[in-house]
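# A structural walkthrough
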2 protein chains.
Amino acid sequence: MMGAMTAGARTTGGSGAGQPAQEPGRVWAHVGQPFAERDYDVVIVGAGRMGAACALFLRRLAPALRLLLVERGGLPNEDGATILAPGVWTALDVPPGREAEAHWTRANLLGDPTARPCPLLSLHAEEGPGRVPTPHLLARFPQAAPLLDPRALPWAELDGEAATYRPGAVALACGQGAVRAGADLLLNTQAGLTPGGVCLERLTLTNTHQIVTHETHELRAGRVIMATGAEGPHAAEHDLGVPTAHGRAYRQFPRLNTPSGDETPVLRAGGLTLRPLHGGFTVVPPLHHRDPHGYVPTGGRLTGVPVGLRRETLEDLIGLMDALPPLATGALEVGRSLADVPGAWLALPGGRVDAPPTHQPLTDSVHLLLGGPHADTLGLAVAYDLAATVAGVETRPWAGQEG
Amino acid sequence: MMGAMTAGARTTGGSGAGQPAQEPGRVWAHVGQPFAERDYDVVIVGAGRMGAACALFLRRLAPALRLLLVERGGLPNEDGATILAPGVWTALDVPPGREAEAHWTRANLLGDPTARPCPLLSLHAEEGPGRVPTPHLLARFPQAAPLLDPRALPWAELDGEAATYRPGAVALACGQGAVRAGADLLLNTQAGLTPGGVCLERLTLTNTHQIVTHETHELRAGRVIMATGAEGPHAAEHDLGVPTAHGRAYRQFPRLNTPSGDETPVLRAGGLTLRPLHGGFTVVPPLHHRDPHGYVPTGGRLTGVPVGLRRETLEDLIGLMDALPPLATGALEVGRSLADVPGAWLALPGGRVDAPPTHQPLTDSVHLLLGGPHADTLGLAVAYDLAATVAGVETRPWAGQEG
């Protein structure tokens, strides 16, 4: 099928099919462009992949609704979880019962030019269902051989359906697609919830590179969708007085400069994923549990030497050095301080590291939309589900023949 | 059997039985008392319950070894995990295979005058083995009725063997017993590891109530036992360059001013323990996982109102308010800032919240001794085990008839 991201203003799937093409929406990128205050039917706060996809789907499903997408940074935000997300779709991450949504998500992702099928090898110390001796798979994927010690990881499972993509590119394509389909887009703007709408602070840079509020706007909105990632639950409580059980975790993605190529599979071992990227690998460390409220990420120390990785990640990597020998070499960029290693806060729906993306109503008019650890496999479907809920559409494309 | 704490210089159990009574050791409580530097065979750093008990047992098992017990504060340290520990012995917390050690610990604890048998009711939403309808047990323990809603917790399990005690009193009795049995005790002294011994910094208070180092001593020691609780693993790595997988968690113990009496049982529900104390209760919240390296505990907020409980504990208590209605009343002292609620760092052996106390060799001459979440049930036995290991004694009292 045609992917969601490449469809632009065209409507595919769902009950929105057959709607006429819309006039494109307006974009305010900086404070030099005067923002005309008005009412919107729906305001989506956050143009990461969840918010941007929800905006695109909502334009398709309910083109009559006036829609504003607000983003604190650019499109996509360079500080958010989207831009650093692994971008690995694998059937191994699909919770039972969510297969149809996951495959719908995959089909839509493959419409994005940055996506491509890429096999995933899941490596284990113990035998188990679906696992074959690791050397059998290494014969098919010789590029993976320098990365692992088959004596430590003698069993392997292949996900031949896996795919890799760039979540930041998906957010960009969805955001642009939403604008082409008639959504307004307001960048560099911080949004807070007010009774009946949102309060917008348009941000700008001073000569001394400080971010300051240039102007504020009070906007009425029939519905608000909070898609601000790990910050959403906090905002829900701060602005609405609605406590939630969601959590967050700070995850870092160190670079591993071991050569990779187009034929290199994604590797997974001990909860850690090695994702081929730009001729090397991005290391995606395991998530064990949420971080406590008030935690400020800090670089770790290894026998006195400061490193940029947080201590917990460092311990995980040390524990895997025998199984994945390149981790024990200078090919792993651990840095000297936190700023040296890319990292972001990740929302944990329900405080759980294995929770699928979710949305929930916070009040009659405010919804929370969370991606979290499994946004790569299910994010688009959950964003669609919320868009359809807001649009009053009952059917879901993954439930029918179209898929 | 006669309890460990009341036996003083007398030797009970193990291979030390029959040794002649020792001259008591010396005590240096403050810097006005000149400390005569000398060599020791064993230096135990930390006089919480684990270190103090280990000192007492070591005096009994190896009276020929010259022993120094060093403590940064008083006996027991008012800032440590020992003084705040729940002091609840329950068979429900005993890991499989550790029953003999746990019962040996219990028998020794009951020698302490602050210990007494106190039934424990474990309350559940679901039926399970060993559980009876909650109203059946409330008929036997009417004092527990105002604390819980049996509709939310319809099933209950009774541990009639449970006991409560004050871990701080145990540490004090063990420390005093060790001194009576010949151990030297150096209070208000910070200790660091050096090659071949320890570096001691004797602390004192200035006129402006600042803690400063008055003098330092380099001491030779054949063996060093690090029993500094949650700080031990960090010191092991910092001073010795030995990384460990141990973790820690900051636990707070809010007071619940719902009346309790001598007949009130300990209550447990949803991982939370209500421990009767001084006519009310100490709330012992559940531990879910370790806190990240570098975490600085901070008070939480509940819909904007600052409270002294950390956010995670607050969420746990909110989740139990229906089942334990007094938690939803002003009887719960949540405070306004972190300083209002007693709390301490707890060592988590292996980073796990369900791990029993443990000891391990860090080098040929340095041992780490950790109490952790289950020090109440197994701490004395593990302290004994390390003392016997250092003394070269093969037998354990819980393995024989005496127990």
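Since this is a predicted model, take the numbers as computed values, not measurements. (Residues numbered from 1 in each chain as written. Chains lettered and ligands numbered in written order. Predicted model: local features only at pLDDT ≥ 70, side-chain atom pairs only at ≥ 80, totals over all residues. Heavy atoms only, no water.)

### A closer look at the sheet that holds strand E9 (residues 163-164) of chain A
Spelled out, the test is: Strand pairing is assigned whenever DSSP detects at least two bridges linking the two strands. Only DSSP runs of H or I covering at least 4 residues are called helices, and only runs of E covering at least 2 are called strands; the numbering of each starts at the N terminus.
Judged by pairing direction, the sheet is antiparallel, and its 3 strands sit side by side in the order E4-E9-E5 (chain A) without closing on themselves. Each of the sheet's edge strands pairs with one partner strand only, and the pair in question is strand E4 (88-89) and strand E5 (116-117) of chain A.

### Looking at the sheet that holds strand E5 (residues 116-117) of chain B
Residues and elements named next belong to chain B. Strand order in the open sheet formed by 3 strands is E4-E9-E5, and the pairing between neighbours is antiparallel. Single-partner strands in this sheet number two, and they are strand E4 (88-89) and E5. In the sheet, E4 pairs with strand E9 (residues 163-164) via 2 bridges, with the strands oriented antiparallel. Residue Trp-89 lies in a different strand from E9, and its bridge partner there is Ala-163.

### As for the UniProt feature "domain: FAD dependent oxidoreductase" (unreviewed entry) in chain A
Counted only if it meets this: UniProt positions are given in the numbering used here, feature names are shortened, and annotations may be inferred rather than shown by experiment.
The UniProt entry lists residues 41-284 of chain A under the feature "domain: FAD dependent oxidoreductase" (unreviewed entry), expressed in the numbering used here. Taken end to end, residues 41-284 of chain A comprises 24% helix and 34% strand; its first and last C-alpha atoms sit 39 Å apart.

### Quick notes on empty space enclosed by the protein
Residue and element names in this part refer to chain A. We count it as follows: Computed over the protein atoms alone on a 1 Å grid, cavities are sets of points where a 1.4 Å probe fits but cannot get out and pockets are open sets with protein on both sides within 12 Å along at least five of seven lines; a residue lines them when it has an atom within 4 Å of a point. Grid points are joined across faces, edges and corners, and a volume is the space filled by probe spheres set on the points.
All chains considered together, the criterion is met by 6 cavities of 30 Å³ or more. The wall of the largest cavity is formed by 14 residues, among which Pro-286, Leu-287, His-288, Arg-310 and Glu-312 lie closest to the centre. Secondary-structure elements contributing two or more residues to the lining of the largest cavity are strand E14 (247-252) and helix H7 (311-319). The space that makes up the second largest cavity amounts to roughly 80 Å³. Along its surface, the second largest cavity is lined by Arg-49, Ala-81, Ala-85, Pro-86, Arg-251, Phe-253, Ala-344, Leu-346, Gly-372, Pro-373, Ala-375 and Asp-376.

### Examining the domain arrangement of chain A
Residue and element names in this part refer to chain A. We count it as follows: Start and end points for every domain follow an automatic or database-based domain assignment. Pairs of residues are marked as contacts when any of their non-hydrogen atoms sit within 4.5 Å. Just to be clear on terms, a salt bridge is a Lys or Arg side-chain nitrogen sitting within 4 Å of an Asp or Glu carboxyl oxygen. Two N or O atoms count as a polar contact when they lie within 3.5 Å, although within protein this holds only if one can serve as hydrogen donor and the other as acceptor, and sequence-adjacent residues are included solely when both atoms are side-chain atoms. Each residue gets one label: Ala, Val, Leu, Ile, Met, Phe, Trp, Tyr, Cys and Pro are nonpolar, Asp, Glu, Lys and Arg are charged, and the others, such as Gly, are polar.
The domain boundaries assigned to chain A delineate domain 1 (27-82 + 167-247 + 352-391) and domain 2 (120-159 + 254-341). Domain 1 and domain 2 are separated by 33 Å when their C-alpha centres are compared. Contacts between domain 1 and domain 2 engage 6 residues on the former and 5 residues on the latter. The interface formed by domain 1 and domain 2 holds 0 salt bridges in total. Our enumeration of links across domain 1 and domain 2 arrives at 0 residue pairs in polar contact (both at pLDDT 80 or more). Considered class by class, the residues forming the side of domain 1 that touches domain 2 number 3 nonpolar, 3 polar and no charged.

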